[in-house]
Amino acid sequence: MSTPIKVITSGAFAAALKRLAPLYEEQTGQPIDLQFGSSIGAAHDSIPTRLSNGQQFDILVLAAPALEKFILDGTIKPDSRIDLAGSKMAAAVRASDPVPDLSTLESFKKVLLSTPRIAYSASASGTYLSSEVFPKLGISDQMAISAKRIFSERVGTILMRNEADLGFQQVSELLPIPGLTLIRKLPPEIEKTFYFSAGIMNQTQQLPAVQKLISFLASKEAAPIIIETGLEPVEP
């Protein structure tokens, strides 16, 4: 039996990989060991923490800026980066709650200031919110009190446990959580596409098999599943 290819992915591409990995295994007979962690941050299960603890993988799939850092420090093979999908941030509330208007900067700011419990991810979209959007709106001090960064868990799960009333995360990470209403129409001034990319770790011992799997993830065959999970495929 072939040696499993060890893949770790951040949350945005997780739903797609959970469907694509078994399909690839069925087609090729190549087993895949799939694991999950956030692109950034110091949580015990984040990808940077796992790598710093010496865990070994063949493929990393995570936010492009985070992957670039691993290329620069020699963890990922130079020139091995392949962009797989674009991802947009959305907001969410429980399906039983009123849906706020977040479509303009004015209404977005008003809702954030009037919501006492806000949750946002500890990964790329959450970092963007806290480091760019909140300062741009001049509400960083207020958000330091009412907004909570969520580590090692989906924001939608926090909402459904009634531990927050408004949440922000990638569309693909909110979609799998039942009982939510997604708000995709955010102010155009703050809309941003986050790209998620695959890279090959330097220590891999099965380079041809790894390259073949990445080619499949970036193929037109994989694109419909990527779309269904809330992402936008990147043209090969």
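Cut-off values and rules
- Residues numbered from 1 in each chain as written.
- Predicted model: local features only at pLDDT ≥ 70, side-chain atom pairs only at ≥ 80, totals over all residues.
- Heavy atoms only, no water.
- Helix = DSSP H or I, 4+ residues; strand = E, 2+ residues; numbered from the N terminus.
- Rg over C-alpha atoms; globule rule 2.2 N^0.38 Å.
- Buried < 20%, exposed > 50% of the residue type's maximum accessible area, 1.4 Å probe, protein only.
- Contact = heavy atoms within 4.5 Å.
- Areas by Shrake-Rupley, 256 points an atom, 1.4 Å probe, with all protein chains shown as cover.
- Lys, Arg positive; Asp, Glu negative; His and termini not counted.
- Charge placed at Lys NZ, Arg CZ, Asp CG, Glu CD.
- Core = buried A, V, L, I, M, F, W, Y, C linked by side-chain atoms within 4.5 Å.
- Salt bridge = Lys/Arg side-chain N within 4 Å of Asp/Glu carboxyl O.
- Polar contact = N/O pair within 3.5 Å; in protein donor to acceptor, adjacent residues only side chain to side chain.
- Axes fitted to C-alpha atoms, helices over the stretch in contact; angles between N-to-C directions.
- Parallel < 35°, antiparallel > 145°, perpendicular 65-115°, else oblique.
- Left-handed = near helix turned anticlockwise from the far one by under 90°.
- Nonpolar A, V, L, I, M, F, W, Y, C, P; charged D, E, K, R; others polar.
- Pairing = 2+ DSSP bridges.

### Things to note about the overall build of the protein chain
- When you go through the protein chain residue by residue, the secondary structure sums to ten helices and ten strands.
- Here the C-alpha radius of gyration of the protein chain, 18 Å, is about what a compact globule of 236 residues would show, namely 18 Å.
- Relative to its 236 residues, the protein chain shows a buried fraction of 51%.
- For the protein chain, restricting intrachain contacts to residue pairs at least 6 apart in sequence, the fraction spanning at least 24 positions comes to 74%.
- Element-wise, carbon and sulfur atoms account for 54% of the exposed surface of the protein chain, whose accessible area totals about 10,800 Å².
- Counting 22 positive and 24 negative side-chain charges, the protein chain places the averaged centre of each group 3 Å from the other.

### Observations concerning the nonpolar core
- If you look at the biggest cluster of nonpolar residues, it comprises 27 residues, and the most contacted ones within it are L102, F108, L112, L129, F134, L166 and F168.
- Put simply, the parts of the chain that give this core at least two residues each are strand 4 (82–94), helix 4 (105–114), strand 5 (118–121), helix 5 (124–137), strand 7 (166–170) and strand 9 (193–200).
- The leading source of residues in this core is helix 5, at six residues.
- Filtering out sequence-adjacent residues up to four positions away, F134 remains in contact with L112, Y120, L129, I139, S140, M143 and A147.
- Grouped together as the second largest cluster of nonpolar side chains are 25 residues, A16, L20, L84 and A218 included.

### What about the pattern of salt bridges?
- Summed over the entire model, instances satisfying the criterion amount to eleven salt bridges.
- Linking R19 and E228 is a salt bridge whose minimum nitrogen-to-oxygen distance equals 2.7 Å. Remark: E228 occurs in helix 10 (residues 223–228) and R19 occurs in helix 1 (residues 14–28); sequence separation between them is 209 residues.
- On the accessibility criterion, R19 (39% relative accessible area) is partly exposed.
- Between K192 and E132 there is a salt bridge, with its nearest N and O atoms 3.9 Å apart.

### Remarks on the side chain of Q30
- With respect to the secondary-structure elements, Q30 resides in the loop between helix 1 and strand 2 (32–36).
- Reaching out from Q30, the side chain makes a polar contact with the backbone oxygen of T3 at a distance of 2.8 Å.
- Setting aside residues up to four positions removed in sequence, Q30 forms contacts with S2, T3, P4, I5, Y24, E25 and A209.

### A closer look at unusual backbone geometry
- At D79, a position not held by glycine, the phi torsion is positive, near 65°.
- Looking at the element boundaries, D79 is found in the loop between helix 3 (64–72) and strand 4.
- Accessibility expressed as a relative area gives 80% for D79, which makes it exposed.
- Positive phi outside glycine occurs at N162, with the angle close to 60°.
- As for its position among the elements, N162 is in the loop between helix 7 (155–160) and strand 7.

### Some words on the packing of helix 1 against helix 9 (residues 207–217)
- Where helix 1 contacts helix 9, the two axes come as close as 11 Å, and the packing angle between them is 125°. In terms of their interaxial angle, helix 1 and helix 9 are classed as oblique. The handedness of the crossing between helix 1 and helix 9 comes out as right-handed. Contacts between helix 1 and helix 9 involve L17, L20, L23, Y24 and Q27 from the former and A209, K212, L213, F216 and L217 from the latter.
- Looking at the contact of helix 1 with helix 9 residue by residue, the classes come out as eight nonpolar, one polar and one charged.

### Overview of the pairing of strand 3 (residues 59–63)
- The element strand 3 is extensively covered by neighbouring structure, given that five of its five residues are classed as buried.
- With three bridges connecting them, strand 1 (residues 5–9) and strand 3 associate as parallel partners. Residue pairing in the sheet places V7 in a bridge with I59 of strand 3.
- Sheet analysis places strand 3 next to strand 9, joined by five bridges and oriented antiparallel. Within the sheet, the bridge partner assigned to L60 lies in strand 9 and is G199.

Don't take any of this as a statement about function, it's just geometry.
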